[in-house]
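The chain contents come next:
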Amino acid sequence: MQRPPPEDFSLKETNPHLGGGKITGDKLTSTYDLVEQMQYLYVRVVKAKDLPGKDVTGSCDPYVEVKLGNYKGTTPHFEKKSNPEWNRVFAFSKERIQSSVLEVTVKDKDLVKDDFIGRVLFDMNEIPKRVPPDSPLAPQWYRLEDRHAVKVKGELMLAVWMGTQADEAFPEAWHSDAAAVSGADGLANMRSKVYLSPKLWYLRVNIIEAQDLQLTDKGRYPEVFVKAILGNQALRTRISQSRSINPMWNEDLMFVASEPFDEPLILSVEDRIAPNKEEVLGRCAIPLQYVDRRLDHKPVNTRWFNLEKHVIIEGEKKKDIKFASRIHMRICLEGGYHVLDESTHYSSDLRPTAKQLWKNSIGVLEVGILNARELVPMKTKDGRGTTDAYCVAKYGQKWVRTRTIIDSFNPKWNEQYTWEVFDPCTVITIGVFDNCHLHGGDKGGGAKDSRIGKVRIRLSTLETDRVYTHSYPLLVLHPNGVKKMGEIHLAVRFTCSSLLNMMHMYSQPLLPKMHYIHPLTVSQLDSLRHQATQIVSMRLSRAEPPLRKEVVEFMLDVGSHMWSMRRSKANFFRIMGVLSGLIAVGKWFDQICNWKNPITTVLIHILFIILVMYPELILPTIFLYLFLIGVWYYRWRPRHPPHMDTRLSHADSAHPDELDEEFDTFPTSRPTDIIRMRYDRLRSIAGRIQTVVGDLATQGERLQSLLSWRDPRATALFVIFCLIAAIVLYVTPFQVVALLTGFYVLRHPRFRHKLPAVPLNFFRRLPARTDCML
């Protein structure tokens, strides 16, 4: 396979004509100021009255046909109704209009040939313009005319106006470019839509003990455990060591629950009577609506729950009333944690579940999804390649989906969306997909929307109030190598409401307090994240139009933790890239020792003598040096957001065998059972190593980004701190600094705080190159 030129994968800066070009100061006047304005002719068909009967029976089955040149849209018809209400909006793109007359015709649905009832004609030059925030145009009654412009019986209520995509009617409108789509399902599948992720909670079930269990075989020591089920999540405690009818566990089980709480928590106490045989000793169902919600680390009250035993009498389940066993538990919904449903490297939201704990927003993120270019054909229709592309953007709990542009390799969406920002160190993800559900493609139920590519943008790498207009490459890794699927053109602006609030965010812990006071284990977080992504994808796939499972999983990076030789190699070289700086310093020092450059060596000798004679100058000199480096690097600060980097990801140089392994199923599809077992074990261990290596690389890259201006605010804070530190250390005796530092490091645990220190919080918020990893 011939490798494409490297510049093919680069980011390109553009100068689109945004918002109609009306610029006043820094802000654009239009509400849709980050996208190119597109003109549309809107026709709102509201209702009709007094329609004449056309059938033999004297009734009519009316529908409306809106026709403009070659484009024709129709409303659904009503059976035997002379006063129908449709309330449908039609949108015709101005650049495709080829006619000077708009024709709105009312027809009667018939088996053989639909009867003409009457029509209303509009001259295109007479149609009024409407610009939001003008109030919507009020519909009017129009008398129907026959083909000879003679008034006939019946009236039609309409509103017709010229507007842009900023119009409220735009998302629900039937678009002229969807003329080829058949059926209501197909049309619903191509509309733009805003979705909200379900509100997720962690449910903590602390199972303490049970009392008075009734065993069938009283002559043996029971092996009792508790099984807890919530939806499709099932967990169990270990077998109680007390081996009696009053067993004790004191074990925590964690679940992910989503509002509304439709499913109860079902607990069953079971006795293992044989290796693969359990007997249920009692059950109880707990509705989550009545469970305590806690916002901090204070324990909630424990409660006793009665266990019910079902006895089968003649094939029917009946409750045994005499059963008096009880189970002692502490159950609560945790509002103080952030429920992770995304990869921690690309989190778009870090707020706790409980709204009471949310801090004020620090700004607004606006994204204009302009267009895509040179998309590759994703499927074949009528013997030729075609692509029906739409975009999905996810930030925080809000997902947006643009409308689908039919059969175009250069689709223009020009849609703008806004999100509230609560933390600058978050990432917005924008994915492009091919819609496979427009032409009855999902009759078999197996059609999936294909992924074209995605882009991630970390907000902290953007300067505030600047509009970034770039064309991002859409890259996807295939079994035969990395492939560019096209480019997506975005306009992004991050506006900050208070610079002071945002700078303060850098000193705060990244996650809510509960994550540090009562941390969850790595394996718990893994399984809980898996459950959270399943719940989110299930809920969004039930919306209308659905945001399908494959789309949600691609956006949430499901499966990114799986072993891959390519990713491990990329993470290893990231670490080497970080260490190369230290190696370079070592080589430089070696050159000084070897008098390669005598002038430099003499200067270093002089500096060394000064620092030895005046040790109090050591720290101010280091901080001053760091300050000067930071100021020097400001000239070369990055001017555009990070993008997917094929070289960094080792995607362009991966061996075919490595790619075959990466795209192999898990468990492997290799034939021999033993190979399968060993191979899977190797991959799971190597996957952990890969994560650790990646985390190490992340720490090193964060260190580098202190002075790189990748996050302009963080570097500004650090550079100012260096200057202040240099001045303070200059006027403070070195011995005092050394004593204070030593006493602080060795301070008593009573004076230590459970939350991470401010420097650590600041460091954890610094960007790393994880954002550029493919």
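All values reported here derive from a predicted model rather than from experimental measurement. (Residues numbered from 1 in each chain as written. Predicted model: local features only at pLDDT ≥ 70, side-chain atom pairs only at ≥ 80, totals over all residues. Heavy atoms only, no water.)

### Examining the overall build of the chain
So, point 1. The helix and strand inventory of the chain stands at 13 helices and 34 strands.
So, point 2. With the C-alpha coordinates aligned to their principal axes, the bounding extent of the chain is approximately 105 × 90 × 55 Å.
So, point 3. Counting every position in the chain, which comprises 774 residues, the buried fraction comes to 48%.
So, point 4. Contacts in the chain between residues far apart in sequence, at least 24 positions, make up 71% of those at least 6 positions apart.
So, point 5. In the form shown here, the chain has an accessible surface area of approximately 40200 Å², with 57% of it arising from carbon and sulfur atoms.
So, point 6. If the 103 positive side-chain charges of the chain are averaged to one point and the 87 negative ones to another, these points end up 4 Å apart. (Helix = DSSP H or I, 4+ residues; strand = E, 2+ residues; numbered from the N terminus. Buried < 20%, exposed > 50% of the residue type's maximum accessible area, 1.4 Å probe, protein only. Contact = heavy atoms within 4.5 Å. Areas by Shrake-Rupley, 256 points an atom, 1.4 Å probe, with all protein chains shown as cover. Lys, Arg positive; Asp, Glu negative; His and termini not counted. Charge placed at Lys NZ, Arg CZ, Asp CG, Glu CD.)

### Examining the confidence of the model for the chain
So, point 1. With 90% of its residues at a pLDDT of 70 or more, the chain has an overall mean of 84.
So, point 2. Scored below 50 in pLDDT, residues 21–29 shows 10 contacts in the model against residues more than four places distant or in partner chains. (pLDDT = per-residue confidence, 0-100.)

### Here's the deal with the side chain of E366
So, point 1. By the element assignment, E366 lies in strand β25 (residues 363–373).
So, point 2. Apart from residues no more than four positions distant in its own chain, E366 is found in contact with D33, L34, Q416, Y417, T418, A491, V492, R493 and T495.

### Describing the pattern of salt bridges
So, point 1. For the coordinates displayed, the defined rule picks out 38 salt bridges.
So, point 2. Here K379 and D388 are joined by a salt bridge, their closest N and O atoms 3.1 Å apart.
So, point 3. Overall, K379 belongs to the partly exposed group, its relative accessible area being 21%.
So, point 4. By relative accessible area, D388 is classed as buried at 2%.
So, point 5. Between R769 and D645 there is a salt bridge, with its nearest N and O atoms 3.7 Å apart. Here the residue R769 occupies a position in the segment after α13 (758–764), and D645 occupies one in the loop between α8 (618–633) and α9 (656–662), the gap between them amounting to 124 residues.
So, point 6. For R769, a relative accessible area of 37% corresponds to the partly exposed category.
So, point 7. You can call D645 partly exposed: its relative accessible area is 23%.
So, point 8. Connected through salt bridges with shared partners, the residues K12, R373, E374, K484 and E487 form a single ionic network. (Salt bridge = Lys/Arg side-chain N within 4 Å of Asp/Glu carboxyl O.)

### Remarks on the sheet that holds strand β18 (residues 265–274)
So, point 1. With antiparallel pairing, the 4 strands of this open sheet are ordered in space as β16-β15-β18-β19. If you trace the sheet from one side to the other, it starts and ends with β16 (233–236) and β19 (277–286), each paired once. The mean inter-strand angle of the sheet, taken between neighbouring strand axes irrespective of direction, is 20°.
So, point 2. The sheet contact formed by β18 and β19 spans 9 bridges and is antiparallel. Residue pairing in the sheet places L267 in a bridge with C284 of β19. (Pairing = 2+ DSSP bridges. Axes fitted to C-alpha atoms, helices over the stretch in contact; angles between N-to-C directions.)

### Observations regarding helix α11 (residues 712–731)
So, point 1. The end-to-end C-alpha distance of α11, which contains 20 residues, comes to 29 Å, matching closely the 28 Å that a straight helix rising 1.5 Å per residue would cover.
So, point 2. Those residues of α11 not exposed but buried are P712, R713, A714, T715, F718, V719, C722, A725, A726 and L729. (Expected span 1.5 Å × (residues − 1).)

### Remarks on the side chain of S258
So, point 1. As for its position among the elements, S258 is in strand β17 (residues 248–258).
So, point 2. In terms of polar contacts, S258 uses its side chain to reach the side chain of R539, at 2.8 Å.
So, point 3. Once residues within four sequence positions are removed from consideration, S258 is found in contact with P198, K199, L200, I535 and R539. (Polar contact = N/O pair within 3.5 Å; in protein donor to acceptor, adjacent residues only side chain to side chain.)

### Here we look at the environment of D434
So, point 1. Tracing the chain through its elements places D434 in strand β31 (residues 427–434).
So, point 2. In sequence terms D434 and Y390 are 44 residues apart; their C-alpha atoms lie 6.4 Å from each other.
So, point 3. When near neighbours in sequence (up to four residues on either side) are disregarded, D434 contacts M378, K379, T387, D388, A389, Y390, D449, S450 and I452.
So, point 4. Within polar-contact distance, the side chain of D434 engages the side chain of K379 at 3.0 Å.

### Description of the pairing of strand β11 (residues 151–164)
So, point 1. For β11, the tally of buried residues reaches 10 of 14 residues, placing the bulk of the element in the interior.
So, point 2. Note: strand β4 (residues 39–49) against β11, 10 bridges, orientation antiparallel. Paired with K49 across the bridge in β11 is E155.
So, point 3. Where strand β10 (residues 140–145) lies against β11, 5 bridges are found, and the strand directions are antiparallel. Bridge pairing in β11 links E145 to K151.
So, point 4. Joining the antiparallel neighbours β10 and β11 is a turn of 5 residues, in which A149 adopts a positive phi near 65°.

### Some remarks on the UniProt feature "transmembrane region" (unreviewed entry) in the chain
So, point 1. The UniProt feature table records "transmembrane region" (unreviewed entry) at residues 572–589, 617–634 and 716–746.
So, point 2. With 100% helix and 0% strand, the stretch residues 572–589 has end C-alpha atoms that lie 26 Å from each other.
So, point 3. What you have in residues 617–634 is 89% helix and 0% strand, and the ends, taken at the C-alpha atoms, are 26 Å apart. (UniProt positions renumbered as here; feature names shortened; annotations may be inferred.)

### Side note on the domain arrangement of the chain
So, point 1. With domains assigned, the chain is organised as domain 1 (39–191), domain 2 (200–314 + 321–334), domain 3 (356–556) and domain 4 (565–772).
So, point 2. Computed from C-alpha atoms alone, the centre-to-centre distance between domain 3 and domain 4 is 29 Å.
So, point 3. In this complex, domain 3 contributes 35 residues to the contact, which on the side of domain 4 involves 30 residues.
So, point 4. Summed over both partners, the interface of domain 3 with domain 4 buries about 3100 Å², with 64% contributed by carbon and sulfur atoms.
So, point 5. When the area that domain 3 buries against domain 4 is broken down by residue, the three leading residues are T461, L477 and Y506, summing to 22%.
So, point 6. Linking domain 3 with domain 4 are 2 salt bridges.
So, point 7. The salt bridge partner of R765 is D423, with a shortest N-O separation of 2.8 Å. (Domains from an automatic or database assignment. Buried area = accessible area lost by both parts, 1.4 Å probe.)

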